[in-house]
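# Examining the three-dimensional arrangement
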Amino acid sequence: MITLQGITKRYGQYAALDNVSLEVRDGEFLALLGPSGSGKTTLLRIIAGLAFPDEGRVQFNGEDVTHLKVADRKVGFVFQHYALFKHMTVADNVGFGLSVRKRGQRPTKDQIKARADELLDLVQLGGLGERYPAQLSGGQRQRVALARALAVEPQLLLLDEPFGALDAKVRKTLRRWLRDLHKRMGLTSIFVTHDQEEALELADRVVVMDHGVIEQIGTPEQVYMEPATPFVSDFVGETNRLPGGVHVRPHDLEIIDGTSEPDGHELIVDNIFRKGGVWRVEGIFSDESVVELDVDASLQPPSPGDSIRVRPRRSKTFTPTGAKSHEQA
Amino acid sequence: MSALSFIRARHLLIAAALAFIALFLVLPLISVFFAALQKGLAAYGAAVVDPDALSAIRLTLLVAAIAVPLNIVFGVVAAWSIAKFDFPGKSLLVTFIDLPFSVSPVVAGLIFVLMFGAQGWFGTWLQDHDVQIIFAVPGIVLATIFVTFPFVARELIPLMSEQGRDDEEAALSLGASGLQTFLRVTLPNIRWGLLYGVLLCNARAMGEFGAVSVVSGHLRGITNTMPLHVEILYNEYNFVAAFAVASLLAMLALVTLVLKSIVEWRFGYHHGSARH
């Protein structure tokens, strides 16, 4: 188990992390989710031992590692741009962690080679060991970086924006694959992402961060359905902000007939397009803000210029004193 | 019509550039070899194997052999700390590294005379301990190091800044020590930039005249480097010998150029690209 207590990190006057506390359970797949500047990468680097907090403590299984260097923490770190060693073959990259061990603990050349081949098979790159990183695709490089991190048998795997530099298709395949690998190897993994979809799809728990503080920790379900703060509601999934601090998801808005409904809101339809299995309707609200709602694809969508009335099926109201959920009967 | 005049303008510009290079670079270079061989190969050979000439060549090689490695160490250390760490006084250090480029070499030489000369700050102490720096080899080495020390550092700073810290951090996270990280990750990453800087540093170390001239004392066969020896021969109207030794320096320049081009083309290291 990894325990962070009161982690604060300042760069000059600016607090990148402000009194952050967090527990990571063994075997968990945890996402640090937030926009750039939220402190998520700094937090990951502090867990790794690549950066050190000004205040607070980091514990691995009850042992204080706050001042331990990265080399002594037994963590695997996958860098955003992979940081593969360009002048080494793929196999030498993977074997690097073993080849720099002290004499005595260092396996023989053949053993390192065998281990590298084994790991390359694991990441489905068997037979590519003699290539150089420049000869691989982005997705392949990512998996080499992963194999290299796994070679030192870390207790903890840390990934900084692991899919950030890949195109959408590869990203999707790799996500599923990484999820499987994490389960199969029984690792504890923490990854940083700014992509809420990625966090919700992969993680057991999501830590939503903004401006150096944790806004919410919860399962993807909790974070999406029960956002604790307006920021979480806004950042995770799509949200319409209606007057009075009411937040409502596009799929929780329905079109209603008649004007008697007290919860109804008047919209002028501006634009309609197909979004996956639904129609996405963009309407202009009376205060000129844009409201988005989804209409079942089997229904006839309204036309631009139409005046419609909508009602939230489900919404969340944030007031300075707290948050409240509403469910329409 | 306009297309034709455009082509004409292009030809004119290229011709002007080529004529300029021919007049100011190629022709003088050819004339060096021409003058050196004016009285035949035998005279050329005699001038080169003259004991004073040989001693100048030896001294030049010795000075480069000391100055270049020291500047490699200094350049790598300076570039490493500037590119990979933040510390107070960083921009001041960058300015100081450029200082030898902005100071006249003669002034550089005089600085050392002022410090280590007989009337200099440490002059008395040095005399008491029987150490001679000015008008001796140590002074020449010091002046050469001063004049050449920006070359390696200037080449590496932009390169290392661009590469960032990721590779080093990756190596450290895999358990490598600082030295292992440097030897196995950093050094291979900068090798072509380093080689480029070393070539330029070496060319300047062997060819430096001004600073060395001030501290050398021009003792024939003792403190004369090749450029100083050329000057002496020339002042003695010994043109064949002067140009013969000069031709060796010219050949050094040509070899440097060729090696430089090989580094650029063969290994894809572009001097300009590291600056962005």
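Residues numbered from 1 in each chain as written. Chains lettered and ligands numbered in written order. Predicted model: local features only at pLDDT ≥ 70, side-chain atom pairs only at ≥ 80, totals over all residues. Heavy atoms only, no water.

With that settled, consider the overall build of chain B. Regarding its fold elements, chain B presents 13 helices and zero strands. Along chain B, helices and strands appear, N-terminal first, in the series α-α-α-α-α-α-α-α-α-α-α-α-α. Taking the principal axes of the C-alpha coordinates as reference, chain B spans close to 80 × 65 × 30 Å. Buried positions account for 41% of the 276 residues belonging to chain B. Within chain B, contacts between residues at least 6 apart in sequence are counted, and of these 72% link residues at least 24 apart. Working note: accessible area of chain B is about 14800 Å², and carbon and sulfur atoms make up 73% of it. Considering chain B, the positive charge centre built from 15 side chains and the negative charge centre built from 16 side chains are found 11 Å apart. (Helix = DSSP H or I, 4+ residues; strand = E, 2+ residues; numbered from the N terminus. Buried < 20%, exposed > 50% of the residue type's maximum accessible area, 1.4 Å probe, protein only. Contact = heavy atoms within 4.5 Å. Areas by Shrake-Rupley, 256 points an atom, 1.4 Å probe, with all protein chains shown as cover. Lys, Arg positive; Asp, Glu negative; His and termini not counted. Charge placed at Lys NZ, Arg CZ, Asp CG, Glu CD.)

Residue and element names in this part refer to chain B. Relative to each other, helix 5 (residues 105–116) and helix 7 (residues 137–148) sit at 135°, their axes nearing to 9 Å. The angle between the axes of helix 5 and helix 7 places the two elements in the oblique class. With respect to the hand of their crossing, helix 5 and helix 7 are arranged in right-handed fashion. Each of Ala108, Phe112 and Phe116 in helix 5 lies in contact with helix 7, whose residues at this interface are Leu142, Ala143, Phe146 and Val147. (Axes fitted to C-alpha atoms, helices over the stretch in contact; angles between N-to-C directions. Parallel < 35°, antiparallel > 145°, perpendicular 65-115°, else oblique. Left-handed = near helix turned anticlockwise from the far one by under 90°.)

This part is about the side chain of Glu28(A). Residue and element names in this part refer to chain A. Tracing the sequence through the fold places glutamate 28 in the loop between strand 2 (14–24) and strand 3 (29–33). On the basis of relative accessible area, glutamate 28 is assigned to the buried category, the value being 4%. Polar side-chain contacts of glutamate 28 include one of 2.9 Å to the backbone nitrogen of arginine 25. (Polar contact = N/O pair within 3.5 Å; in protein donor to acceptor, adjacent residues only side chain to side chain.)

Excluding glycine, residues mostly carry a negative phi; peptide bonds, for their part, are mostly trans. All names here are of chain A. In this structure, glutamate 161 is a non-glycine residue whose phi angle is positive, near 40°. Inspection of the secondary structure assignment puts glutamate 161 in the loop between strand 7 (156–160) and helix 5 (168–185). A residue is classified by how much of its surface remains accessible, and glutamate 161, at 8% relative accessible area, is buried.

A separate point is the packing of aromatic side chains. Any pair of aromatic rings gets described here by the distance separating the centres and the angle formed by the planes. In total, this model carries 14 aromatic pairs over all chains according to the counting rule given. Ring centres of Phe77(A) and Phe79(A) lie 4.7 Å apart, and the angle between their planes is 50°; this geometry places the pair in the tilted category. Taking the centre distance of 5.4 Å and the plane angle of 10° together, the rings of Phe231(A) and Phe235(A) count as stacked. Taken together, the positions of Phe231(A) and Phe235(A), both in helix 8 (residues 230–235) and four residues apart, correspond to about one turn of that helix. Like Phe231(A), the residue Phe235(A) is buried in the burial classification. Here a set of aromatic residues connected by ring pairs shows up, and it is made of Phe74(B), Phe112(B), Phe116(B), Phe122(B), Phe146(B) and Phe149(B). The ring centre of Trp279(A) lies 5.1 Å from the NZ or CZ of Arg274(A), which sits over that ring. (Phe/Tyr/Trp six-rings, centres within 6.5 Å; stacked < 30°, edge-to-face > 60°. Lys NZ or Arg CZ within 6 Å of the ring centre and 35° of its normal.)

Pairing between sheet strands relies on hydrogen bonds along the backbone, with the strands arranged either parallel or antiparallel. Residues and elements named next belong to chain A. Taken in spatial order, the six strands line up as 6-7-8-3-9-10 in an open sheet, and their pairing is mixed. Each edge of the open sheet is held by one strand with a lone partner, namely strand 6 (75–78) and strand 10 (213–218). Averaged over all neighbouring strand pairs, the angle between strand axes comes to 15°, with direction disregarded. Where strand 7 and strand 8 (residues 188–193) come together, five bridges link them in parallel fashion. Bridge pairing in strand 8 places leucine 156 opposite threonine 188. (Pairing = 2+ DSSP bridges.)

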